[in-house]
Amino acid sequence: GLTLFNKDDFIIKKPELGDLTYLKIDRKFSEETLTAFLPYIDTVREKGRRFVNIGFPYKIPGKEGLAGFELVNHSYKGHAKGSQRKYSVWIANFAPAPQLVKDIFIAESAMDAMSFYQLYKGKYNFGHSVFISTGGSVLKNQVLNVLRAYPNSKINTLFDNDFSGKMYDIYLASIKEKREVAIRKNKDSVSFEMKKGIFNISMDEISLARFERITGIRSGVRAYKAKGKDFNEMLQNRNVVAERTINTFKR
């Protein structure tokens, strides 16, 4: 049967920076980044269980109420029991009001979204931005709910730099443009079947830009890709480089 998310099954608390050592030490987030995202992070323990996890609260865009959690901890990643993943997302809104949201940044995980923020906050002003996590997959109703809640915003994707991440870019763009696309994965190419024909792209050339070029779709979606697998890996690698530099100066 379908278990719906029930927040009474959990002990949910607002964290202090000291509760987020996993994010700071293992995931290399600065205190500045953690402080900025603190309103959008909880600590979560399921009743009857010992472990306290770091939770990123999910809600249905434009609606009140908790719809689940993306949970992380040392060697653990998952969702809280009953999370309504089909419709809900994690939302961190830095804009002063919903109608002032200029940019939406959509990632596969809250940690990737936060990593992008930390890597680029010197370059971009995120004061009119919303960061969103879809929790590992990208589902049609999640996308539609986000587009409905922030209709006049620019969509930016922060999906992984792998085949799935590039396919999520294409999938999201086709939902935004209300295009029906049947996708078939062949041995070394992907077929996109649409009203106006079938388009093939070879596996190693898959990207949103390539898809838009051959189909003539202009979604206006901007796809950012990390150097490495994802933005958190990129952040960790950057910190390793920084630490090495500091150590060489110390000698």
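Residues numbered from 1 in each chain as written. Predicted model: local features only at pLDDT ≥ 70, side-chain atom pairs only at ≥ 80, totals over all residues. Heavy atoms only, no water.

> It is not clear to me how the overall build of the protein chain should be interpreted in this structure. Could you clarify?
The secondary structure content of the protein chain amounts to 7 helices and 13 strands. Projected onto the principal axes, the alpha-carbon positions of the protein chain cover approximately 55 × 55 × 40 Å. Classification of the 251 residues of the protein chain by burial places 46% in the buried group. Residue pairs in contact within the protein chain that sit at least 24 positions apart in sequence constitute 64% of those at least 6 positions apart. Total accessible area on the protein chain stands at roughly 13500 Å², and carbon and sulfur atoms take up 50% of it. Between the averaged position of the 42 positive side-chain charges in the protein chain and that of its 27 negative side-chain charges there is a distance of 2 Å. (Helix = DSSP H or I, 4+ residues; strand = E, 2+ residues; numbered from the N terminus. Buried < 20%, exposed > 50% of the residue type's maximum accessible area, 1.4 Å probe, protein only. Contact = heavy atoms within 4.5 Å. Areas by Shrake-Rupley, 256 points an atom, 1.4 Å probe, with all protein chains shown as cover. Lys, Arg positive; Asp, Glu negative; His and termini not counted. Charge placed at Lys NZ, Arg CZ, Asp CG, Glu CD.)

> I keep staring at the environment of Y87 and nothing clicks. Help me out?
Mapping Y87 onto the fold places it in the loop between β5 (76-79) and β6 (89-93). Separated by 29 residues in sequence, Y87 and Y58 have C-alpha atoms that sit 9.4 Å apart. Residue contacts for Y87: discarding those within four places in its chain leaves I60, P61, N141, Q142 and N145.

> Please explain the side chain of Q142 as it appears in this structure.
Relative to the helices and strands, Q142 is located in helix α4 (residues 140-149). Separated by 3.0 Å, the side chain of Q142 and the backbone oxygen of T134 make a polar contact. Ignoring any residue separated from it by four or fewer positions in sequence, one finds Q142 in contact with R85, K86, Y87, S88, V89, T134 and S137. (Polar contact = N/O pair within 3.5 Å; in protein donor to acceptor, adjacent residues only side chain to side chain.)

> Can you walk me through the pattern of salt bridges in this structure?
Pairing between side chains becomes possible if they bear opposite charge and their charged atoms approach one another. In this structure the tally under the stated criterion is 11 salt bridges. The partner of E32 in a salt bridge is K121, and the shortest N-O contact between them spans 3.8 Å. Taken together, the residues E32 in helix α2 (residues 31-37) and K121 in the loop between α3 (110-120) and β8 (129-133) connect sequence positions 89 residues apart. For K121, a relative accessible area of 23% puts it in the partly exposed group. A network of salt bridges, in which partner residues are shared, links D9, E46 and K81. (Salt bridge = Lys/Arg side-chain N within 4 Å of Asp/Glu carboxyl O.)

> For this particular structure, what's the right way to read the pairing of strand β11 (residues 189-194)?
For a regular strand, the rule is simple: side chains alternate between the two faces of the sheet. Of all 6 residues in β11, 5 are buried, a share of seventy percent or more. Direction of pairing for strand β10 (residues 182-185) relative to β11: antiparallel, over a ladder of 4 bridges. Directly across from R184, in β11, lies its bridge partner S191. Where β10 folds back on β11, the antiparallel hairpin that results is connected by 3 residues. Looking at chain direction, β11 and strand β12 (residues 197-202) are connected through 6 bridges and run antiparallel. In the strand pairing of β12, E193 is matched with I198. Counted between consecutive antiparallel strands, the loop separating β11 from β12 contains 2 residues. (Pairing = 2+ DSSP bridges.)

> I keep staring at the packing of α4 against helix α5 (residues 163-176) and nothing clicks. Help me out?
When two helices pack together, their arrangement is captured by the angle between the axes and the distance separating the axes. At a minimum axis separation of 10 Å, α4 and α5 run at an interaxial angle of 55°. With respect to α5, the element α4 is oriented oblique. Of the two elements, α4 crosses α5, and the hand of that crossing is right-handed. Facing K140, V143, L144 and L147 of α4, the residues of α5 in contact are Y171, L172, I175 and K176. (Axes fitted to C-alpha atoms, helices over the stretch in contact; angles between N-to-C directions. Parallel < 35°, antiparallel > 145°, perpendicular 65-115°, else oblique. Left-handed = near helix turned anticlockwise from the far one by under 90°.)

> What is the right way to read the sheet that holds β12 from this model?
Remark on secondary structure: sheet strands pair via backbone hydrogen bonds, oriented parallel or antiparallel. The strand order across the open sheet formed by 3 strands is β10-β11-β12, and the pairing between neighbours is antiparallel. Bordering the open sheet on either side are β10 and β12, each of which pairs with just one other strand. Recorded for the sheet is a direction-independent mean angle of 20° between the axes of neighbouring strands. In this fold α5 packs onto β10 and β11, with an angle of close to 15° to the strand it touches most, β11.

> Explain the nonpolar core here, please?
Soluble, globular proteins show a tendency: their nonpolar side chains are buried together. Within the largest apolar cluster, 33 residues are counted, with the highest numbers of intra-cluster contacts made by L23, F37, F56, W90, F116, F131 and F231. Elements that contribute at least two residues to this core include exactly α1 (21-26), α2, β3 (53-59), β6, β7 (103-107), α3 and α7 (231-250). Once residues lying within four places of it in the same chain are set aside, the contact partners of F56 are L23, Y40, I41, G68, F69, E70, V72, W90, A110, M111 and M114. Counting residues in each nonpolar core, the second largest holds 31 residues, with A173, F199, I201 and F211 among its members. (Core = buried A, V, L, I, M, F, W, Y, C linked by side-chain atoms within 4.5 Å.)

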